[in-house]
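Listed here are the chains, written in short residue letters.
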Amino acid sequence: MQQSASEVLKDIKQKKLAPIYLLHGDEPYLIDQLVDAFEKQVLPEDQQSFNQFVLFGKDHSLGSIIATARRYPMMAERQVVIVKEAAFIEAMAKAKENAKSKEDDLKVWEEYCANPTPSTLLVLTVKSLLSDKSKVFSALVKYGVIVTSKKVSEDKLGAWLVDYLGQRGIKIQPSTVELMVSYVGADLSRMAHEADKLVVNVPAGSEVGSTEVEKYIGISREYNYFEFQKAIIQRNTEKAQKIAFHFAENTKQNPAAPMLVLLFNFFSKVLQVHDVGNVSDAEISKLIGVNPYFVRDYTTAARNYPLAKVVRIIEAIKNADLKVKGVIGSAETDREIILDLSFQILHL
């Protein structure tokens, strides 16, 4: 059975547990969140010493894991067996049918999944995305739960943040969402960490704006990647250069790499706006995958930057990225890269 991370978290609180959980995917934050809940919320603290086992897949075979799962708890109703980074599951999922050793493992796996020990909660994690067509998954149909943790794309990160804060009783202004997304990037773990600063400091029922973000997270309302991008959109040369110089003088707090990701993603979508032609804002929102609230930023940029100019800007951003990585250029500093790129965007 397939379930979402939020559904499983709810079941853990209500003690409605399946015998087996397989957590897999390329977004580690949700997997780590679930493992933490299994570790802390299933067994009372006084039972964990004897009845909770946290193992690492690289140190154990599937056979030894199943042997542990077949044991009975000591003076308790349940034991918890958590296997982090279960490489043998990943190997089985990717194995060809003629791989004999993997077929043997698959047989052991299928036998346990068909008849799991009722007093054992077995949790296995794989921090990569597995194919749901594998026999590893089909074995879990009757007694197991599968949680797929996929990377959240940047255009959906804002919605994730709104939902995360909303569940904790806090609203956030759309422009502030964009500010945080531009500052943090597509890293759920870091985004949750920064959002938790707001949860701790802002009363439930409040609406978060740039003032709160500056105060509790430390993002400057005037000098940040979002304001820099806004100045570029409007071709406000004076403001953009002012912010660029601030970044250049404070590269530790404002490194070039995140700025390049933000600008590349933005101008790639501006390129798409040029391609779609004269369509409605609603259609643009759907085609380029952005919140309708921000479509005007992209259409304004498309008016201010002709197609040929956008292509040159994207090329300049790619070259700046290669300089940051040391692939081209003579070891240019972040300061030089930021100033050079801002000049190219605004003047070339």
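What you are looking at is a predicted structure, and each value in this text was computed from that prediction instead of being measured.

## Considerations on the UniProt feature "domain: DNA polymerase III delta subunit-like C-terminal" (unreviewed entry) in the protein
Right, so step 1: Sites flagged by UniProt as "domain: DNA polymerase III delta subunit-like C-terminal" (unreviewed entry) map to residues 223–327.
Right, so step 2: Segment residues 223–327 splits into 75% helix and 0% strand. End C-alpha atoms: 29 Å apart.

## Some points on the environment of K142
Right, so step 1: Looking at where K142 falls in the secondary structure, it is placed in the loop between α7 (135–138) and β5 (144–148).
Right, so step 2: A relative accessible area of 66% places K142 in the exposed class.
Right, so step 3: K142 sits 170 residues away from R312 along the chain, and the two C-alpha atoms are 55 Å apart.

## Quick word on the sheet that holds strand β2 (residues 52–56)
Right, so step 1: On the basis of which strands lie adjacent, the open sheet formed by 5 strands has the order β2-β3-β4-β1-β5 and parallel pairing. Pairing within the sheet leaves two strands with one partner each, and these edge strands are β2 and β5. Taken over all neighbouring pairs, the strand axes of this sheet differ in orientation by 15 degrees on average, direction set aside.
Right, so step 2: Of the pairings in the sheet, the one linking strand β3 (residues 79–84) to strand β4 (residues 120–126) comprises 5 bridges and is parallel in character.

## Comments concerning a nonpolar patch on the surface
Right, so step 1: Together, F50, M74 and M75 make up a nonpolar patch on the protein surface, roughly 390 Å² of accessible area in all.
Right, so step 2: Among the structural elements, F50 can be located in helix α3 (residues 45–51).

## A few points about the pairing of strand β1 (residues 20–24)
Right, so step 1: Of all 5 residues in β1, 5 are buried, a share of seventy percent or more.
Right, so step 2: Here β1 shows no split at all, with I20, L22 and H24 on one side and Y21 and L23 on the other all buried.
Right, so step 3: Two strands pair when backbone bridges link them, and β1 and β5 are joined in this way by 5 bridges, in the parallel orientation. If you follow L22 over to β5, its bridge partner there is I146.

## As for unusual backbone geometry
Leave glycine aside and you will find that most residues have negative phi; peptide bonds, for their part, are mostly trans.
Right, so step 1: The backbone of M75 sits at a positive phi, close to 50 degrees, despite the residue not being glycine.
Right, so step 2: Mapped onto the elements of the fold, M75 is located in the loop between α4 (62–69) and β3.
Right, so step 3: Under the relative-accessibility criterion, M75 is labelled exposed at 76%.
Right, so step 4: At R235, a residue that is not glycine, the phi angle is positive and equals roughly 55 degrees.
Right, so step 5: Mapped onto the elements, R235 comes out in the loop between α12 (225–233) and α13 (237–249).
Right, so step 6: Exposure remark for R235: the relative accessible area of 32% places this residue in the partly exposed category.

## A few points about the nonpolar core
Right, so step 1: Y21, L23, F38, L161 and M180 are the most contacted members of the largest nonpolar core, which has 46 residues in total.
Right, so step 2: With 7 residues, helix α2 (residues 28–41) is the single largest residue contributor to this core.
Right, so step 3: Those residues in contact with M180 that sit more than four places away from it in its chain are L161, I172, G185, M191, E194, A195, L198, V213, I217 and I219.
Right, so step 4: Y225, L263, I314 and I337 belong to the second-largest nonpolar core, a separate cluster that totals 39 residues.

What counts and how
- Residues numbered from 1 in each chain as written.
- Predicted model: local features only at pLDDT ≥ 70, side-chain atom pairs only at ≥ 80, totals over all residues.
- Heavy atoms only, no water.
- UniProt positions renumbered as here; feature names shortened; annotations may be inferred.
- Helix = DSSP H or I, 4+ residues; strand = E, 2+ residues; numbered from the N terminus.
- Buried < 20%, exposed > 50% of the residue type's maximum accessible area, 1.4 Å probe, protein only.
- Pairing = 2+ DSSP bridges.
- Axes fitted to C-alpha atoms, helices over the stretch in contact; angles between N-to-C directions.
- Patch = residues over 30% accessible without salt bridge, like charges linked within 9 Å, V, L, I, M, F, W, Y side chains within 5 Å.
- Areas by Shrake-Rupley, 256 points an atom, 1.4 Å probe, with all protein chains shown as cover.
- Salt bridge = Lys/Arg side-chain N within 4 Å of Asp/Glu carboxyl O.
- Core = buried A, V, L, I, M, F, W, Y, C linked by side-chain atoms within 4.5 Å.
- Contact = heavy atoms within 4.5 Å.

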